[in-house]
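The residues making up each chain are set out below.
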Amino acid sequence: MSHKPYRLYMTPTSPFARKCRMVIYECGLQDQVEEFDARVRTEENEVLEVSPLGKVPTLTGPNGLTLVDSTLISEFLDKIGGSPILHGATDQDRWMRAPEWALAEGLLESLAWRTREFRRPEDERSPSFIDYEGARQRRIYDWLEMSPPNQGARDISHIGFVIALDYALYRFPNEDWRPSRPSLTKWFEIEAGRPSFQATLLPTKV
Ligand SMILES: N[C@@H](CCC(=O)N[C@@H](CS)C(=O)NCC(=O)O)C(=O)O
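Note that this is a predicted model, so its numbers are computed, not measured. (Residues numbered from 1 in each chain as written. Predicted model: local features only at pLDDT ≥ 70, side-chain atom pairs only at ≥ 80, totals over all residues.)

### Quick look at the nonpolar core
Then, in step 1: In terms of nonpolar packing, the biggest core is built from 40 residues, with L8, C20, V23, L108, A164 and L165 touching the most fellow members.
Then, in step 2: Of all elements in the fold, only β1 (6–10), α1 (15–26), α2 (70–80), α3 (91–119), α4 (127–146), α5 (156–171) and α6 (182–192) reach the threshold of two or more residues within this core.
Then, in step 3: Ranked by residue count, the leading element in this core is α5, at nine residues.
Then, in step 4: Both of domain 1 (6–80) and domain 2 (91–194) provide at least three residues apiece to this core.
Then, in step 5: Contacts of C20, omitting those with residues within four sequence positions, involve L8, P57, S70, I73, S74 and L77. (Core = buried A, V, L, I, M, F, W, Y, C linked by C-beta atoms within 7 Å. Buried ≥ 20, exposed ≤ 12 C-beta atoms within 10 Å, placed from the backbone. Helix = DSSP H or I, 4+ residues; strand = E, 2+ residues; numbered from the N terminus. Domains from an automatic or database assignment. Contact = placed C-beta atoms within 7 Å.)

Below is the structure:
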């Protein structure tokens, strides 16, 4: 039985849960948040006991708190650390940075949707959907190659982008985005060296 006040329902492969897990490390909240490996997409899914959405990440805590969605949870975790470091220092700073956060989120969503499409039986897949999302992903990689997200202080978009780029290599190893994008590759390698990234590595595929 954990005595930590918060519980993060997660799976080791979920990039959205990984975002929150990296925030936990970056904000030093390991002694406050228990990670709970949930059985999503099964009838035993423990998340369903706290939310009808049934998705990871879901965060529960004192006073009946139940938060769903990685964006909300990340911002909440950043705040309970006492001195938020990942969502802008001021309101103006926040809004100046927010478009990058949304871009990182859009890339992550696109990769997750495309991954799900490949989980369907072959005769239920949509090749046009797969191509459309693939083109979106390449567009964002090209954008990041022109302007890697390392201007100014680190924020939640750095975590979102490094997770998304790693997830792309994990799910689509034959579509390696690195060879034609040296600046982005360099940025990725530096970010991937951080303890928060190394502590949340995706499991080896069996
Ligand atoms: N927008 C959500 C997406 C979360 C999401 O799609 N989670 C997936 C795992 S990567 C999930 O729990 N899937 C289980 C299901 O669809 O039942 C977030 O940012 O948290």
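### Looking at the site of the ligand
Then, in step 1: As a structural note, the neighbourhood of the ligand is formed by S14, F16, V40, R41, G54, K55, V56, P57, D69, S70, T71 and A112.
Then, in step 2: Residues belonging to the shell around the ligand are distributed by class as follows: five nonpolar, four polar and three charged. (Near = placed C-beta within 6 Å. Nonpolar A, V, L, I, M, F, W, Y, C, P; charged D, E, K, R; others polar.)

### Comments concerning the domain arrangement of the protein
Then, in step 1: For the protein, the domain assignment lists domain 1 (6–80) and domain 2 (91–194).
Then, in step 2: A separation of 22 Å is found between the C-alpha centroids of domain 1 and domain 2.
Then, in step 3: Among the elements that make up the side of domain 1 that touches domain 2, the one with the highest residue count is α1 (six residues).
Then, in step 4: Among the residues forming the side of domain 1 that touches domain 2, the class breakdown is four nonpolar, two polar and two charged.

### Overview of the sheet that holds strand β3 (residues 58–61)
Then, in step 1: Pairing is mixed in the open sheet, where four strands are placed in the order β2-β1-β3-β4. Here the strands that pair on one side only, and so sit at the sheet edges, are β2 (33–37) and β4 (65–68). Averaged over all pairs of adjacent strands, the angle between their axes in this sheet comes to 20°, without regard to strand direction.
Then, in step 2: Looking at chain direction, β1 and β2 are connected through five bridges and run parallel. Pairing of R7 across the sheet is with E34, part of β2. (Pairing = 2+ DSSP bridges. Axes fitted to C-alpha atoms, helices over the stretch in contact; angles between N-to-C directions.)

### Digging into α5
Then, in step 1: Compared with the 22 Å implied by 1.5 Å per residue over 16 residues, the 22 Å span of α5 between its first and last C-alpha is a close match.
Then, in step 2: Buried residues of α5: I156, H158, I159, G160, F161, V162, I163, A164, L165, Y167 and A168, and no others.
Then, in step 3: Check the buried side of α5 and you find it contacts α1, α2, α3, α4, α6 and α7 (195–198). (Expected span 1.5 Å × (residues − 1).)

### Here's the deal with the packing of α1 against α5
Then, in step 1: Where α1 contacts α5, the two axes come as close as 10 Å, and the packing angle between them is 135°. What the angle tells us is that α1 and α5 run oblique. Read as a crossing pair, α1 and α5 show a hand that is right-handed. Across the interface between the two elements, P15, R18, K19, M22 and V23 of α1 pack against I159, G160, I163, A164 and Y167 of α5.
Then, in step 2: Residues belonging to the contact of α1 with α5 are distributed by class as follows: seven nonpolar, one polar and two charged. (Parallel < 35°, antiparallel > 145°, perpendicular 65-115°, else oblique. Left-handed = near helix turned anticlockwise from the far one by under 90°.)

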